[in-house]
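Secondary and tertiary structure notes
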Amino acid sequence: MEALTLARIQFAANISFHILFPTITIALGWVLLFFKLRFNATGDGKWMDAYRFWVKVFALSFALGVVSGITMSFQFGTNWPGFMEKVGNVAGPLLAYEVMTAFFLEATFLGIMLFGWRRVPGWVHTTATVLVAFGTTMSAFWILVLNSWMQTPAGFELRDGVVHATDWWAIVFTPSMPYRLTHMLIASGLTCAFLIAGISAFRWLRGDRAPAVAAALRTAVVMAAVLAPVQAFVGDQHGLNTLEHQPAKVAAMEGHWHTGGNVPLILFAIPDEATRSNRFEVSIPHGASLILTHSLDGVVPGLDQFEGKHPPVAPVFFAFRIMVGVGVLMIGFGLLGAWFLWRRGALPTLLLRGFVAMTFAGWVATLAGWYVTEIGRQPWLVTGVLTTAEAVGPVPAGAVASTLVMYLVLYVLLLVAYIATLFRLAAKGHVVEHLPGNQPLPASA
Amino acid sequence: MTPFLPADDLALVFAALMAISVLAYVVLDGFDLGVGLLMPAVPEERDRDRMVASIGPFWDANETWLVLGVGLLLVAFPTAHGMVLTALYLPVALMLAGLILRGVAFEFRAKAATPVHKRRWDHAFIGGSALAALTQGWMLGRYVLGFAEGFGALLFAALSALGVAAAYAFIGACWLIWRTEGDLQKRAVAWARRTLWVVAAGIVGVSVATPLASARIMARWFEMPNLLLLAPLPLATFALIAGLAALLRHMPLPGDALRRLPFWVAVGLFCLSFAGLAWSFFPYIVPERLTLFQAASAPESLTIILVGAAFVLPVILAYTVLAWRVFGGKAMDLRYD
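Residues numbered from 1 in each chain as written. Chains lettered and ligands numbered in written order. Predicted model: local features only at pLDDT ≥ 70, side-chain atom pairs only at ≥ 80, totals over all residues.

Here we look at the overall build of chain A
A tally of helices and strands in chain A yields 15 helices and six strands. A compact globule built from 445 residues would reach a C-alpha radius of gyration of about 22 Å, and chain A, at 23 Å, matches this within 12%. Its C-alpha atoms put chain A at 65 × 50 × 40 Å along the principal axes. Of the contacts made within chain A by residues no fewer than 6 positions apart, 75% connect residues no fewer than 24 positions apart. (Helix = DSSP H or I, 4+ residues; strand = E, 2+ residues; numbered from the N terminus. Rg over C-alpha atoms; globule rule 2.2 N^0.38 Å. Contact = placed C-beta atoms within 7 Å.)

Shown next, in the form of structure tokens:
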């Protein structure tokens, strides 16, 4: 394989591995704060037990996020030197602000959050939790700002072939940023909700009926029931925004080869790039016109308008269907779970098993969603400004291949260890919640 | 944003910020990695747990200085960033693998199901620390000689790898003198005494090799009046080494007096060595190839970062001090799992 392909696979592998962990920690930070505040307000020890259990998951996920994130900051230089040379004047400050306003905040106060129990008063510990949650969200904000700028760049001019910033307001608030940020934050909320629900259901099914387990499960199910339908709406709005600014991406997502009206909504097909058509197509007449233009005969741009300049169709098309499919499942599980909690006060065994199976559903949907938007931007790295091929470095294919193998081995090993550790923590959850060194000072101290 | 500093001054400010970040990283993660390097000398699980507990609350934030240093290189000197990182592609990848293994081992070793698994993550912790320390030393050696090829240059890089690993073990041992007690502390004193001499040899080695390799560096140090003006640098280094060697012979002192001093002397030695290298290479950012003035980004972009940094860096320093105060004193038996 050539160096460009290998460099892309390597970066994709790294960024895919990385996003798994922030996707958990962004929302889990706020859930931990919720547990802590409930404890402060009610004095009920179950909330503190839930905190003690989930802060360990947070620490583990955070460590994996940190080490894979550091790897990424280096790969900008090792794999894509052309990126910073061309758009460094915009990307640089955004990345610098992420490190300065988010990274240090999270990393420093995480120590107090994890080990500060007996050393600081309760309110300092609560504040540390707020700052860590705020830090993870700020981190997401800056990264989503940069990614959105790469998708729909604005506020710059080209001088001697190099991007120069002209309007920072426009750079931060690009047309796609509010949609992408909201979509991602809710995705994190859902990932976290299904993780907590899955692990708590696992504990419940094993006979661990501690009040903390029920409290965490209830919190997670309510989160899922609220966020999943909202995400469907936000995702739709994000899609309409993409149609306006990156129509080629939407054409690939929908598998539309030809521009026209009365466009059907394709449920399944196998896009064939060679014949520029779909095989085995199953579709709903007028569906896409209705969704994308809100009228039955609305004209939707097809891939024929972007020949030679559109992304590879099949991966974007399938990734989109996986994301939507998992999203629909999430809505079903969330609403069903909430209904049972409301009517019966508990979940039936079958549904609990279902939640265990859905433990990592958020990961699948988040990864699929990022594949849609990142592959969907190709051949551009920064839309209309820089192609991916132009940014690749001079490192020979052999070197990239050998480090790629190293990273892949490491990531598979760590992922297996992570999932195994999660379920082992769950299996001895009641012990974890009551470790002697982990008792907090009273909130008033 | 309209720049309020001339472009060359901005480049200087950012070079200084980057130098501070790299120095902070080398000192802070230096002692973390050093503790990892020393772990094989400690067979008892309880002592190993204490060693890990002594750095547990700090390592995340310590490693962030690396991200800031590389980030500033990336942001302020993008051309140099591409040049340096592609030249060091393989050692960077290995260092990252080392940092990944070391970082996750903190969590996994504490949450391990069986003692056998815990030992395995101990190996990952030790191996990861060693890999990161050695590759960082290797990269320093390659960088110092301007990425020169040939057997001599590679031998120098290999010696530099060992030297940096020894320096990290040294500052790690000084950290443990401060943060542990009893038998473990006594052993830390012994490690510090042994590694101090390797560090001294390393400093002398680099100080001799760099002027010999470059006539420009030779002139910077040995022409008048530089020779006199710079004399305090080597003299202070010598005084710190001799003084610390004398102190370590008597440690631990009654009442654990001066327990912090070896660590801060080690920090002083790191700073002096760093200052020496900085003087040798200024104004080059890629030795003998690219100056920091040639490599700097557009002034508008640097200005907006500088404004942010002026507000944020003092805050970072303040809460770093807070965290150090919260976790001052001897390492306790932190329950990590």
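Still more to cover.
Details of the overall build of chain B
Broken down by element type, chain B carries 14 helices and two strands. Taken along its principal axes, the extent of the C-alpha atoms in chain B is 55 × 45 × 40 Å. Per-residue burial over chain B gives 51% buried out of 337 residues. The long-range share in chain B, meaning contacts at least 24 apart out of those at least 6 apart in sequence, stands at 76%. (Buried ≥ 20, exposed ≤ 12 C-beta atoms within 10 Å, placed from the backbone.)

As for the nonpolar core
Residues Trp54 and Ala224 of chain A together with Phe170 of chain B are the most contacted members of the largest nonpolar core, which totals 260 residues. Looking at this core element by element, the count peaks at 22 residues for helix H3 (residues 81-115) of chain A. For alanine 224 of chain A, the contacting residues outside a window of four places in its chain are Leu190, Ala193, Phe194, Ala197, Met330, Phe333, Gly334 and Gly337 of chain A. (Core = buried A, V, L, I, M, F, W, Y, C linked by C-beta atoms within 7 Å.)

Considerations on the interface of chain A and chain B
Chain A puts 55 residues into the contact, and the matching count from chain B is 54 residues. For the side of chain A that touches chain B, the elements supplying multiple residues, two or more each, are helix H2 (45-79), H3, strand S2 (162-165) and helix H14 (397-427) of chain A. Sorting elements by how many residues they give to the side of chain A that touches chain B places H3 of chain A first, with 21 residues. The residue makeup of the side of chain A that touches chain B, split by class, is 35 nonpolar, 17 polar and three charged. (Nonpolar A, V, L, I, M, F, W, Y, C, P; charged D, E, K, R; others polar.)

Quick word on helix H14 (residues 299-326) of chain B
Helix length check: H14 of chain B (28 residues) gives 40 Å between terminal C-alpha atoms against 40 Å at 1.5 Å per residue, within 8%. Where H14 of chain B bends most, the angle comes to about 35 degrees, and this point is alanine 309 of chain B. If you check which residues of H14 of chain B are buried, you get Pro299, Ser301, Leu302, Ile304, Ile305, Leu306, Ala309, Ile316, Thr320 and Ala323 of chain B. Buried residues belonging to H14 of chain B abut H3, S2 and helix H5 (168-172) of chain A together with helix H1 (7-38) and helix H3 (59-76) of chain B. (Expected span 1.5 Å × (residues − 1). Bend = angle between axes of the 7 residues up to and from the residue.)

Regarding helix H4 (residues 122-151) of chain A
For H4 of chain A, spanning 30 residues, the distance from its first C-alpha to its last is 43 Å, which sits close to the expected 44 Å at 1.5 Å a residue. Burial analysis of H4 of chain A places 22 of its 30 residues in the buried class, which makes it a mostly covered element.

What to know about the packing of H1 of chain B against H3 of chain B
All names here are of chain B. Their axes nearest at 8 Å, the elements H1 and H3 cross at an angle of 150 degrees. Of the possible angle classes, the one that applies to H1 and H3 is roughly antiparallel. Both H1 and H3 take part in a crossing whose hand is left-handed. Residues Phe14, Leu17, Met18, Ser21, Val22, Ala24, Tyr25, Leu28, Asp29 and Asp32 of H1 touch H3, and the partners they reach there are Trp59, Asn62, Glu63, Trp65, Leu66, Leu68, Gly69, Leu72, Leu73 and Ala76. A breakdown of the residues in the contact of H1 with H3 according to their chemical character gives 14 nonpolar, three polar and three charged. (Axes fitted to C-alpha atoms, helices over the stretch in contact; angles between N-to-C directions. Parallel < 35°, antiparallel > 145°, perpendicular 65-115°, else oblique. Left-handed = near helix turned anticlockwise from the far one by under 90°.)

Remarks on the environment of valine 104 of chain B
Here valine 104 of chain B is to be found in helix H5 (residues 89-110). Considering only alpha carbons, one finds valine 104 of chain B and alanine 124 of chain B, 20 residues apart in sequence, at a separation of 8.7 Å. Not counting chain neighbours up to four residues away, the residues in contact with valine 104 of chain B comprise Ala63, Leu64, Val67 and Leu414 of chain A.

Some words on the confidence of the model for chain A
All names here are of chain A. On average, residues of chain A score 89 in pLDDT, and 97% of them reach the 70 mark or higher. Within chain A, no element has a lower average pLDDT than helix H15 (residues 429-432), which sits at 72, and none a higher one than helix H6 (residues 177-205), at 96. In the model, residues 437-445 has pLDDT below 50 throughout and makes 21 contacts with residues more than four positions away in sequence or in other chains. (pLDDT = per-residue confidence, 0-100.)

Side note on the pairing of S2 of chain A
The side chains of a regular strand alternate, residue by residue, between the two faces of the sheet. Going residue by residue along S2 of chain A, you find Val163 and Ala165 of chain A tucked away on one face and Val162 and His164 of chain A left uncovered on the opposite face. Connecting the antiparallel pair strand S1 (residues 156-159) of chain A and S2 of chain A is a turn made up of two residues, with aspartate 160 of chain A showing a positive phi of about 50 degrees. (Pairing = 2+ DSSP bridges.)

Looking at the confidence of the model for chain B
When the pLDDT values of chain B are averaged, the result is 88; 98% of them are 70 or greater. Across the predicted assembly, pTM comes out at 0.88 and ipTM at 0.83.

A look at the pairing of strand S4 (residues 277-284) of chain A
All names here are of chain A. The pairing of strand S3 (residues 265-272) with S4 spans six bridges and is antiparallel. If you follow aspartate 272 over to S4, its bridge partner there is serine 277. The antiparallel hairpin formed by S3 and S4 contains four residues in its connecting segment, where arginine 276 sits at a positive phi of about 50 degrees.

A closer look at the environment of tryptophan 30 of chain A
Residue position: tryptophan 30 of chain A is located in helix H1 (residues 3-42). Residues tryptophan 30 of chain A and threonine 137 of chain A, 107 residues apart in the sequence, show an inter-C-alpha distance of 9.3 Å.

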